[in-house]
Structure formats: structure tokens, C-alpha cells
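Reading the structure
Next come the chains, spelled out residue by residue.
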Amino acid sequence: QVQLVESGGGLVQAGGSLRLSCVASGGTFSSYGMGWFRQAPGKEREFVAAISWSGGSTYYVDSVKGRFTISRDNAKNTVYLQMNSLKPEDTAVYYCNVGYTIPTVAWGQGTQVTVSS
């Protein structure tokens, strides 16, 4: 059974940075793309960033391009999201999932990111 555990969220001022981590277990993920998603209060969950199985290809939603960087360490079954120049509108619960841009497994608990103005 696949399990995803996100961590690294917190409260940060606008302009600050956070690095999120997602550890996957219960399967072999090195052959799959991975993605980060987020859900803001009162809004639907949305795609944020994706990375190919090798890490050689990445894709971002326009609103985070140039500020967020997705990376992965297949030896650790871990995917990261480095978030710089954070804005209040980045406030959300962040989730990772297996799949390049489309989630394919059950969601984890997510990690809360709150950006104060």
C-alpha cells in the first residue's frame, strides 16, 4: 500500500522560503513522475509542479515559475519542493502524489504552508 508523508511546512513571512519534503513508501517510485499539489482554503486542489522519473524534466504552474523548484532523490524515495519568494497567495496545504501532473494514488495528510503579509 502506497503511503505519502509530506513535511516541511510552516509559517513564513512574505518573501521567505520553505523546503517541503515528501517520502513515499510501499512501492518503487523511481520509475514514475512525481508531482506537488496544493489546496487553499475554500478552493479546489490544484497542480503546482511535477518532475519526471529521472529528474530530467520538470513542469510548473505559471504562478510559481521562477520561484519554486522541484527535485527528487530516488535513492531515498523522496521528492522536494523548494519554495522561494513566497507570497500570501501560496498559503495552502501542500500534497505530493505519484504521477507527472495527474495524481494516481491516495493522498497523504499534506503539510500546511502559511505565508503572512
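In the block above lies the structure referred to throughout.
Figured I'd write up the structure that's included with this text. (Residues numbered from 1 in each chain as written. Predicted model: local features only at pLDDT ≥ 70, side-chain atom pairs only at ≥ 80, totals over all residues. Heavy atoms only, no water.)

With that settled, consider the sheet that holds strand β6 (residues 58–60). Spatially, the six strands line up as an open sheet ordered β2-β10-β9-β4-β5-β6, and their pairing is mixed. This sheet does not close on itself; its edge strands, each paired only once, are β2 (10–13) and β6. When strand polarity is set aside, the average angle formed by the axes of neighbouring strands in this sheet is 25°. (Pairing = 2+ DSSP bridges. Helix = DSSP H or I, 4+ residues; strand = E, 2+ residues; numbered from the N terminus. Axes fitted to C-alpha atoms, helices over the stretch in contact; angles between N-to-C directions.)

Our focus in this paragraph is the pattern of salt bridges. Taken as a whole and judged by the stated rule, the model has four salt bridges. The salt bridge partner of arginine 38 is aspartate 90, with a shortest N-O separation of 3.0 Å. Here arginine 38, found in strand β4 (residues 34–39), pairs with aspartate 90, found in the loop between β8 (78–83) and β9 (92–98); they are 52 residues apart in sequence, far enough to count as distant. The residues arginine 38 and aspartate 90 share a single accessibility class, namely buried. Salt bridges here are not isolated pairs; linked through shared partners, they connect Arg38, Glu46, Arg67 and Asp90. (Salt bridge = Lys/Arg side-chain N within 4 Å of Asp/Glu carboxyl O. Buried < 20%, exposed > 50% of the residue type's maximum accessible area, 1.4 Å probe, protein only.)

Turning our attention to the state of the cysteines. This structure, assessed with the given rule, holds one disulfide. Here cysteine 22 engages in a disulfide with cysteine 96; their sulfurs sit 1.8 Å apart. Negative torsions about the S-S bond denote left-handed disulfides, and the value of about 45° found for cysteine 22 with cysteine 96 makes this one right-handed. Highlighted residues: cysteine 22 in strand β3 (residues 18–25) and cysteine 96 in strand β9, separated in sequence by 74 residues. (Disulfide = S-S within 2.5 Å.)

Within the secondary structure, valine 105 is located in the loop between β9 and β10 (111–116). For valine 105, a relative accessible area of 24% puts it in the partly exposed group. Counting along the chain gives 104 residues from valine 105 to glutamine 1, while the straight-line C-alpha distance between them is 9.5 Å. For valine 105, the residues in contact, after removing those within four places along its chain, are Val2, Leu4, Asn97 and Val98. (Contact = heavy atoms within 4.5 Å.)

With that settled, the discussion passes to unusual backbone geometry. Phi is positive for asparagine 77, which is not a glycine, with a value near 50°. Here asparagine 77 shows up in the loop between β7 (68–73) and β8. For asparagine 77, a relative accessible area of 26% corresponds to the partly exposed category. The backbone of serine 85 shows a phi angle near 50°, a positive value even though the residue is not glycine. Among the secondary structure elements, serine 85 is positioned in the loop between β8 and β9. Look at serine 85 and you get partly exposed, because its relative accessible area is 41%.

Moving on, we come to the layout of surface pockets. Here the largest pocket defines a volume of roughly 180 Å³. Lining the largest pocket we find 13 residues, and of these Arg38, Lys43, Glu46, Glu89 and Asp90 sit closest to its centre. Tallied by class, residues from the lining of the largest pocket come to three nonpolar, two polar and eight charged. (1 Å grid on protein atoms, 1.4 Å probe; cavity = no way out; pocket = protein on both sides within 12 Å on 5 of 7 lines; lining within 4 Å. Points joined across faces, edges and corners; volume = space filled by probe spheres on them. Nonpolar A, V, L, I, M, F, W, Y, C, P; charged D, E, K, R; others polar.)

Any functional reading would require information that these geometric values do not contain.
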